[in-house]
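# A closer look at the structure
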Amino acid sequence: MTNHLSSRRRFLAGIGAAGTTALLSGCVTATSSGKSSSEGPVTLQSNLSAPQAKAAMEDLVAAYGRKGSGRASLNTVAAETFRTQLPTYLTSANPPDVLTWYPGSVAEAYAKKDLLLDLDEVWNSSPDLKRYSKALNSLCTAGSGKKVFVPATYYWWGMFYRKSNFAKWGVSEPTGWDEFLDLCETLKSKGVAPIGLGAGGGTPWVASAWFDYLNIRVNGAAYHRELLAGERRFDDPEVRRVFDRWREVLPYFDPDGTAVSFQDATTALLNGRSGMMLIGTFFADAAPRDALDDIDFFRFPVIDPKVPLAEEAPTDGYFASARTGRRDDVLDLLGYLATAEAQEIYIKGSSGTVLPCNPDAEDSGTALVRKGRKHIEEAADLTQFFNRDSSDALQPTADTALTKFIARPRDVDGILTEWQREAEKIWNA
């Protein structure tokens, strides 16, 4: 289900999804029906493994337990392990009851396989969810017409940097592509790797942010969604233009960009070994709290002013296994996770760099978050992220193609031909 946003304001009123990653670990026993046991607490499987995010999820589960209506058991799994194991979780004989993940086309892919629990009842009965925006309603609805997702937070991507480092280097935020290239040249002349990446060490998907942004800046968000839905081709001339632009900036990337994870790239950014980084606000959950006031960002540079301005604003939240044996308890937990109280608990316990989906919930109110909210509101259109606008199955094709391009940019034509061939296998499956 591609995320077509008819109104950015309606979307903003109810978008949700920070990084609610929690894996409920209570031992789940299989029954003869192939469902999880009806005994014990609801199991919540979470991919929010960064220290601050994990602690925030623990606070959230504890608060739910104190309400007395039910209990939940949290199991947190390393994010990249979670990503690769998610299909196994959902198809196992004793699956976790509730899992953190993404709405839109990603959830739709699992819903089509009848792996997700129908959540219409909680959407119809929850006074909170009834007030979520039409855009969020649409994002959480499968092609069958059933609700399959409860959104919690959303966030933004941008070019992040450390304010004290920019001041030390005597540079400032660029306003366009040419100024951006000039900034890169200046940083390189000072012995700084201008752009950190972090597409190694198990996080190759980070490179997709560069493809997403260059494509929405060159060809627009509508074209981007059509491409990821298989309605365009990766070897089209329009896509080749994206890589022409990428080649202009590639000399300024950290040479270790595809060798280290985004967490290590974050450390390099904070230590001043690199100048800036295209990343989502989730990176702040792995940053020292005392560094947060020194972090700022600017919009990915506009390349063609005639192309409507779009930004990446992914939504995070929860879906549930269709094989749960604790349906009523699962719906109770999901109803709680949709409340302003729950979302504020998560925001307070984490880095506080996400925005709540519940229209009554308050964000952290920091200067960075205020700027981030304005950044999203100014966009004419919003996308999610490569796999969120396509599928988890298509993401590895991007990982392979983009890391090959970074290593061998002259081979772009062959790389795009191969990418299209591999993508067709996914779309035609």
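Quick note: structure is the one above.
Note that this is a predicted model, so its numbers are computed, not measured.

Reading the values: rules and limits
Throughout, a residue's number is its position along its own chain's written sequence, starting from 1. In view of the model being predicted, local features appear only for residues whose pLDDT reaches at least 70, and side-chain atom pairs are presented and counted only at 80 or more, with totals across whole chains, interfaces and linings using the full set of residues. Note that the side-chain values use all heavy atoms of the structure and ignore hydrogens as well as water. Where helices and strands are cited, they refer to DSSP runs of H or I of at least four residues and of E of at least two residues respectively, numbered from the N terminus. Exposed residues in this analysis have more than 50% of their type's maximum accessible area, buried residues have under 20%, and partly exposed residues fall in between, with area computed by a 1.4 Å probe over protein chains only. The term polar contact refers here to a pair of N or O atoms within 3.5 Å; inside protein, the definition further demands a hydrogen-donor-capable atom paired with an acceptor-capable atom, and it admits residues adjacent in sequence only when both atoms are side-chain atoms. Each residue after the first adds 1.5 Å to the expected span of a helix. Note on definitions: a residue-residue contact is assigned when non-hydrogen atoms from the two residues lie within 4.5 Å. Pairing between strands is defined by DSSP: at least two bridges between them are needed. For a crossover, the right-handed case is the one in which the path from the first strand over the helix to the second runs clockwise, viewed with the strands pointing away from the viewer. Lines fitted to the C-alpha atoms define the axes, with helices restricted to the stretch that makes contact. Angles between their N-to-C directions range from 0 to 180 degrees.

What follows deals with the side chain of Ser 133. Mapped onto the secondary structure, Ser 133 falls in the loop between helix H5 (120-125) and helix H6 (134-139). Given a relative accessible area of 6%, Ser 133 falls into the buried group. Of note is the side chain of Ser 133, whose polar atom sits 3.1 Å from the backbone nitrogen of Leu 136.

A separate point is helix H2 (residues 51-67). Taking 1.5 Å of rise per residue, 17 residues should cover 24 Å, and H2 covers 25 Å from first to last C-alpha, within 8% of that figure. Turning to H2, its buried residues are Gln 52, Ala 53, Ala 56, Met 57, Leu 60, Val 61, Ala 63 and Tyr 64. Where H2 is buried, its residues meet strand S1 (42-46), strand S2 (72-76), strand S3 (98-101), strand S10 (315-320), helix H13 (327-337) and helix H14 (340-349). Within two residues after H2, Gly 68 carries a phi angle of roughly 85°, on the positive side.

In terms of burial, S1 is a largely internal element, five of the five residues being buried. Residues Val 42, Leu 44 and Ser 46 of S1 are buried on one face, and the alternating residues Thr 43 and Gln 45, pointing to the opposite face, are buried as well. Alignment of S1 against S2, held across three bridges, turns out to be parallel. What sits directly across from Ser 46, in S2, is Thr 76. Read from S1 through H2 to S2, the crossover connection turns out right-handed. Two strands pair when backbone bridges link them, and S1 and S3 are joined in this way by two bridges, in the parallel orientation. Across the sheet, residue Gln 45 finds its bridge partner in S3, namely Leu 99.

Reading across the sheet, the four strands line up as S6-S7-S5-S8 and stay open at both edges, with mixed pairing between neighbours. Strand pairing shows two members of the sheet lacking a second neighbour, strand S6 (193-196) and strand S8 (295-298), which therefore form its edges. This sheet shows a mean twist of 30° between the axes of neighbouring strands, independent of strand direction. Two elements, strand S5 (residues 157-162) and S8, share four bridges in a ladder whose sense is antiparallel. Residue pairing for S8: Met 159 is matched across the bridge by Phe 298. Its contacts with the sheet place helix H15 (residues 367-377) against S5 and S8, and it is angled at close to 15° to S8.

Considering the arrangement of structural elements, one finds Thr 100 in strand S3. The spacing of Thr 100 and Phe 149 is 49 residues in sequence and 9.7 Å in space, taken between C-alpha atoms. A polar contact of 2.8 Å, which involves the side chain of Thr 100, links it to the side chain of Asn 47.

The subject of this paragraph is the environment of Lys 188. Tracing the backbone through its elements, the reader meets Lys 188 in helix H8 (residues 177-189). Lys 188 sits in the partly exposed class, given a relative accessible area of 44%. Taking the C-alpha atoms as reference points, Lys 188 and Ser 73, 115 residues apart in sequence, are found 49 Å from one another. Those residues within four positions of Lys 188 in sequence are excluded, and the remaining contacts are Pro 194, Pro 251 and Tyr 252.

Note that every value here comes from positions in space, so none of it alone points to a role or purpose.
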